[in-house]
Amino acid sequence: MSDCIFCKIVNKEIPAQIIYEDESVLAFNDIQPQAPIHVLVIPKKHISDMASVHGEDFLLITTLFKTMQKIAQEKGIEDEGYRIVNNCRDNGGQTVGHLHFHLIGGREMRWPPG
Ligand code: AMP
Ligand code: ZN
């Protein structure tokens, strides 16, 4: 999508600190990190949100979670643990309309979320 900020990152039209990339997935540092480690993991294909995932696109979700497990290992936060967040649509607090998961770690998290 031409006006989607994360598609622009996928297409290298705007810069990002890329952590991992393959043919279907991109991972990059969040511009406003909420913890020492805060990585966004996205499908390269434009899917607007988790509620819009259908059919074969669910395979991409598996790929995204595998990617996050790998990044957590590489970042050295696997043993101590981490949090994965997906904000879906308005009530979920989603602000960027391209499906993404937040991988957050490096400090102890609290619950419940705000
Ligand atoms: P959400 O509120 O779940 O939609 O998350 C969107 C996230 O994208 C926020 O944590 C923002 O800080 C982050 N973000 C927005 N623009 C950029 C950007 N250009 N590069 C990296 N992260 C971004
Ligand atoms: Zn997009």
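Note that this is a predicted model, so its numbers are computed, not measured. (Residues numbered from 1 in each chain as written. Chains lettered and ligands numbered in written order. Predicted model: local features only at pLDDT ≥ 70, side-chain atom pairs only at ≥ 80, totals over all residues. Heavy atoms only, no water.)

(A) Representation of the side chain of D30 in the model. Position of D30 among the secondary structure elements: in the loop between β2 (25–29) and β3 (37–43). Despite being buried, D30 has no salt bridge partner; R107 is the closest side chain of opposite charge, sitting 12 Å away. Within the structure, D30 has its side chain in polar contact with the backbone nitrogen of Q32 (distance 2.8 Å). (Helix = DSSP H or I, 4+ residues; strand = E, 2+ residues; numbered from the N terminus. Buried < 20%, exposed > 50% of the residue type's maximum accessible area, 1.4 Å probe, protein only. Lys, Arg positive; Asp, Glu negative; His and termini not counted. Salt bridge = Lys/Arg side-chain N within 4 Å of Asp/Glu carboxyl O. Polar contact = N/O pair within 3.5 Å; in protein donor to acceptor, adjacent residues only side chain to side chain.)

(B) Structural context of the site of ligand 1. Residues in contact with ligand 1 amount to 16 residues; listed here are only the nearest, D30, N87, T95, H100 and H102. Backbone polar atom of G93 to an oxygen atom of ligand 1: 3.3 Å apart, as the coordinates give it. H102 is positioned with one of its side-chain polar atoms (N or O) 2.8 Å from an oxygen atom of ligand 1. In isolation ligand 1 offers 510 Å² of accessible surface; the protein chains occlude 85% of this area. Its atoms largely coinciding with the cavity grid, ligand 1 occupies the largest pocket. Of all the secondary-structure elements, those providing two or more residues to the shell around ligand 1 are α1 (5–10) and β2. With three residues, the top contributor of residues to the shell around ligand 1 is α1. Tallied by class, the residues present in the shell around ligand 1 amount to seven nonpolar, eight polar and one charged. (Near = heavy atom within 4 Å. Areas by Shrake-Rupley, 256 points an atom, 1.4 Å probe, with all protein chains shown as cover. 1 Å grid on protein atoms, 1.4 Å probe; cavity = no way out; pocket = protein on both sides within 12 Å on 5 of 7 lines; lining within 4 Å. Sits in = over half its atoms within 2 Å of the grid points. Nonpolar A, V, L, I, M, F, W, Y, C, P; charged D, E, K, R; others polar.)

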